[in-house]
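# Reading the structure
Here are the chains, one letter per residue:
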Amino acid sequence: MDMSLTPKKDYFPPMHTAEHILNQTMVRMFGCERSLTNHIEKNKSKCDYFLPIEPTAEQLREVEDMVNDVIAGQLPVTAEELPREEAEKSVDLSRLPPEAGNTVRLVRVGGYDVCPCIGKHVENTREIGHFKIISWSYQNGKLRIRYKLED
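The next thing to look at is the packing of aromatic side chains. Scanning all chains against the criterion turns up one aromatic pair. Between phenylalanine 131 and tyrosine 147, the aromatic rings sit 5.0 Å apart at their centres with planes inclined by 35 degrees, giving tilted as the arrangement. On the criterion of sequence distance, the pair formed by phenylalanine 131 in strand E6 (residues 130-139) and tyrosine 147 in strand E7 (residues 142-150) is long-range, its members being 16 residues apart. We classify tyrosine 147 as buried; its relative accessible area is 0%.

Here the focus is the sheet that holds strand E3 (residues 77-83). Strand order in this open sheet of three strands is E3-E4-E5, and the pairing throughout is antiparallel. Each edge of the open sheet carries a strand with a single partner, namely E3 and strand E5 (113-116). Adjacent strand axes in the sheet meet at a mean angle of 25 degrees, parallel and antiparallel pairs treated alike. In the packing of helix H1 (residues 13-30) onto the sheet, contacts are made with E3, strand E4 (103-109) and E5, and the angle to E4 comes to roughly 80 degrees.

Let us now look at H1. Over its 18 residues, H1 runs 26 Å from end to end, which matches the ideal 26 Å to within 8%, given 1.5 Å per residue. Counting buried positions along H1 gives 13 out of 18 residues, so the element sits mostly inside the fold. Among the residues trailing H1, glycine 31 stands out with phi positive, at a value near 70 degrees.

In this structure, Ile21, Leu22, Met26, Phe131, Ile145 and Tyr147 are the most contacted members of the largest nonpolar core, which totals 28 residues. Not counting residues within four places of it along the chain, the set of residues in contact with phenylalanine 131 comprises Ala18, Leu22, Glu64, Val67, Asn68, Ile71, Tyr147, Lys148 and Leu149. Core analysis: the second largest hydrophobic core is formed by six residues, Ala87, Val91, Val104 and Leu106 among them.

Two orientations exist for strands paired in a sheet by backbone hydrogen bonds: parallel and antiparallel. Strand order across the open sheet formed by four strands is E1-E2-E7-E6, with antiparallel pairing between neighbours. The open sheet has two edge strands, strand E1 (37-39) and E6, and neither has a second partner. Across the sheet, the mean angle from the axis of one strand to that of its neighbour is 20 degrees, orientation sign disregarded. Two strands pair when backbone bridges link them, and E6 and E7 are joined in this way by nine bridges, in the antiparallel orientation. Across the sheet, the residue bridging to histidine 130 is glutamate 150, located in E7. Sitting on the sheet, H1 is in contact with E1, strand E2 (45-50), E6 and E7, with an inclination near 140 degrees to E7. Helix-sheet contacts for helix H2 (residues 57-72) involve E6 and E7, and the interaxial angle to E6 is about 150 degrees.

About the thresholds
- Residues numbered from 1 in each chain as written.
- Predicted model: local features only at pLDDT ≥ 70, side-chain atom pairs only at ≥ 80, totals over all residues.
- Heavy atoms only, no water.
- Phe/Tyr/Trp six-rings, centres within 6.5 Å; stacked < 30°, edge-to-face > 60°.
- Helix = DSSP H or I, 4+ residues; strand = E, 2+ residues; numbered from the N terminus.
- Buried < 20%, exposed > 50% of the residue type's maximum accessible area, 1.4 Å probe, protein only.
- Pairing = 2+ DSSP bridges.
- Axes fitted to C-alpha atoms, helices over the stretch in contact; angles between N-to-C directions.
- Contact = heavy atoms within 4.5 Å.
- Expected span 1.5 Å × (residues − 1).
- Core = buried A, V, L, I, M, F, W, Y, C linked by side-chain atoms within 4.5 Å.

Encoded structure:
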């Protein structure tokens with residue numbers, strides 16, 4: 001295996017995998033892009049999304065429920081390395097810097113999400129725990145979601 005593709009981001013694997021699920025849920029619910037800025041920590045994390053209007057509390061409860069439904073699905077989390085040309089047939093690589101090279105590591109959360117990533121993840125979503133949105137804010141078109149994981 002190319003050592004340059006081994007996981008580099010030392011995020012807490014359950015929290016990082018939850019971030020992937022949250023990102024895909026936001027894309028599916030709101031048609032926005034994945035989080036461009038985030039801060040992933042063991043105890044709590046945050047992700048920012050750009051949306052034209054502020055979501056309602058009910059919509060954010062639905063996001064939380066959808067993330068937990070995916071987690072409850074006990075989906076396998078896998079990584080594969082593909083040539084860049086092959087990877088870009090199934091995922092958007094526009095944010096991947098050219099210096100990332102010609103081989104891309106794609107991480108899949110079952111059939112729910114796939115994206116390029118160099119971080120550590122759980123092997124199955126059952127290892128994540130319960131996803132809980134602890135707060136959010138919306139200003140100038142940017143939604144910030146703060147969340148944690150509970151046993």
